[in-house]
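Observations on the model geometry
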Amino acid sequence: EDLEAANEFPFLNPAEADDELGRLANYRVLEVLGRGRMGFVFRAEDTRLARSVAFKVLRPHVARNPASRERFLREARAMASLHHDHIAVVHDVGS
């Protein structure tokens, strides 16, 4: 499974435990929640704040396109401006 995750998600650092796909910054990536044309949504654990999170990552070929990165940022800003029980809270956006 480690090799499979490394091939499918080359942006992840190697897993440090058997229950994860890999690491990204301070996140233990635990499973794929969804896949789309632009990216992936993962269930992860924020190791700094000890909480479960979901996060979206652009596919590498999409992330290389400046217009796609700008669209992603606009989407995050739009979501961050909304406050509703049925809309995910955006805590961070980064590269």
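What comes next is a walk through the structure. From a predicted model like this one, the values you see are computed outputs, not experimental measurements.

The final tally for this structure, using the stated rule, is 8 aromatic pairs. Relative to Phe-40, the ring of Phe-9 lies with its centre 5.0 Å away and its plane at 85°, an arrangement referred to as edge-to-face. A residue pair is termed long-range when its members are at least 10 positions apart, and Phe-9 in the loop between α1 (2–8) and β1 (22–24) and Phe-40 in strand β3 (residues 39–46) qualify at 31 residues. Residue classification places Phe-9 among the buried residues on the basis of a relative accessible area of 3%. Each ring, one from Phe-40 and one from Phe-42, has its centre 6.0 Å from the other, and the planes form 35°; the classification is tilted. By relative accessible area, Phe-42 is classed as buried at 0%. Taken together, Phe-9, Phe-11, Tyr-27, Phe-40, Phe-42 and Phe-55 form an aromatic cluster joined through their ring pairs.

Following the sequence through the fold, Asp-46 ends up in strand β3. Exposure remark for Asp-46: the relative accessible area of 3% places this residue in the buried category. A polar contact of 2.8 Å, which involves the side chain of Asp-46, links it to the side chain of Asn-26. Within the structure, the side chain of Asp-46 is placed 2.9 Å from the backbone nitrogen of Arg-48, a separation counted as a polar contact. Those residues in contact with Asp-46, other than ones at most four positions away along the chain, are Asn-26, Tyr-27, Arg-51 and Val-53.

Thresholds, definitions, all that
- Residues numbered from 1 in each chain as written.
- Predicted model: local features only at pLDDT ≥ 70, side-chain atom pairs only at ≥ 80, totals over all residues.
- Heavy atoms only, no water.
- Phe/Tyr/Trp six-rings, centres within 6.5 Å; stacked < 30°, edge-to-face > 60°.
- Helix = DSSP H or I, 4+ residues; strand = E, 2+ residues; numbered from the N terminus.
- Buried < 20%, exposed > 50% of the residue type's maximum accessible area, 1.4 Å probe, protein only.
- Polar contact = N/O pair within 3.5 Å; in protein donor to acceptor, adjacent residues only side chain to side chain.
- Contact = heavy atoms within 4.5 Å.

Treat this as a map of the structure, not an account of what it does.
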